[in-house]
Amino acid sequence: MADYNINAVTRKVVYTGSAGLGPYSFSFEVLVSTDVAVYFNTTLLTLSTDYSVTVNANGTGSVTIITGTNVPTTPDADDAITIVGARDIERTTDFSTGGDFQAVAINEQLDANIIFIQQIDERVDRSIKAAVTDPTSIDMELPVIATRANKVMAFDSSGNVSVSTNTLSAIEGTIATTAASAAAALVSENAA
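Residue numbers restart at each chain and count upward from 1, following the sequence in its written direction. Reporting of local features is limited, given that this is a predicted model, to residues whose pLDDT is at least 70; pairs of side-chain atoms are given and counted only at 80 or more, and all residues count toward the totals for whole chains, interfaces and linings. Remark: hydrogens and water are excluded; side-chain values derive from all non-hydrogen atoms of the structure.

A. A look at unusual backbone geometry. Cis geometry marks the peptide bond from Gly22 to Pro23; its omega dihedral reads 10°. Runs of E in the DSSP output that reach at least two residues are strands. Runs of H or I that reach at least four are helices, and both are numbered from the N terminus. Residue position: Pro23 is located in the loop between β1 (12–16) and β2 (24–26). For Ser48, which is not glycine, the phi torsion reads 80° and is therefore positive. Relative to the helices and strands, Ser48 is located in the loop between β4 (43–44) and β5 (51–55). In this scheme, a residue with accessible area under 20% of its type's maximum is buried, one over 50% is exposed, and one in between is partly exposed, where area comes from a 1.4 Å probe on protein chains only. With relative accessibility at 60%, the residue Ser48 sits in the exposed group.

This is how it looks when you write it as structure tokens:
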């Protein structure tokens, strides 16, 4: 296992696919290649099948895309490649009383803890947050961008996030029509 500093950086980077198959670099440190998740547009890719990871001596690295089932053609500028920290949150060390207490094992566990905190921080930073007093059953996850683009965010009867079925332009048209009708009614009322 590697021994290097875990720097204060965001554990996510998004590229356009203009670099084709890559490599696409990431500046956050990982301990092993499985510590990253890669998305092609909105599809979660599979390590070895859809992409490979190179980890540098300092823990940063790069991803190279592999065309196939989930990436049918070489990515281009219309595609998005997202690399995000995805280390499994687990404890892999256990220290026993009277056993060896080695610095490398302590450093590995402390590095993993910082990685976990940074991953959670990245997720929280891009979330809509319910009040601490709201019920735990509330769903505040946004729909994917294609579903919410040019729409209005709404909340259903339970307070969960939803998207209006109307587009912004339709809502603007309704507002303009209502305002024009109200103005005409006011002019008519004042003329009488």
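Let's pick the thread back up.
B. Layout of the packing of aromatic side chains. Here is the rule: rings of Phe, Tyr and Trp (six-membered ring for Trp) pair when centre to centre is within 6.5 Å. Planes less than 30 degrees apart are stacked, more than 60 are edge-to-face, and the remainder are tilted. Applying the stated criterion across every chain, the model contains two aromatic pairs. Measuring from ring centre to ring centre gives 5.3 Å for Tyr15 and Tyr24, while their planes differ by 50°; the resulting arrangement is tilted. Given the relative accessible area of 1%, Tyr24 is considered buried.

C. Seen up close, the pattern of salt bridges. Salt bridges are identified by distance alone: a Lys or Arg side-chain nitrogen within 4 Å of an Asp or Glu carboxyl oxygen. Throughout the structure, instances matching the rule amount to two salt bridges. Residue Lys12 is joined to Glu122 by a salt bridge in which the shortest nitrogen-to-oxygen separation is 3.9 Å. In this pair, Lys12 sits in strand β1 while Glu122 sits in helix α1 (residues 103–125), placing the two residues 110 residues apart along the sequence. We classify Lys12 as partly exposed; its relative accessible area is 32%. Judged by relative accessible area, which is 7%, Glu122 ranks as buried. With a closest N to O distance of 3.1 Å, Arg87 and Asp35 form a salt bridge. With Arg87 in the loop between β7 (80–85) and α1 and Asp35 in the loop between β2 and β3 (36–40), the pair connects residues that are 52 residues apart, well separated along the chain. Here Arg87 and Asp35 have matching classes, each one buried.

D. Geometry of the sheet that holds β5. Paired strands, as defined in this entry, are two strands with at least two bridges between them according to DSSP. Taken in spatial order, the three strands make up an open sheet running β2-β6-β5, and their pairing is antiparallel. In the strand order of this sheet, the two ends are held by β2 and β5, each with one partner. On average, each strand axis in the sheet is tilted by 25° relative to the strand beside it, whichever way the strands run. In this sheet, strand β6 (residues 61–65) lies alongside β5 in antiparallel orientation, the contact comprising five bridges. Counted as the bridge partner of Val53 is Val63 from β6. Structural elements are reduced to axes, namely lines fitted to C-alpha atoms, with helices fitted over the stretch in contact, and the angle between N-to-C directions of any two is expressed from 0 to 180 degrees.

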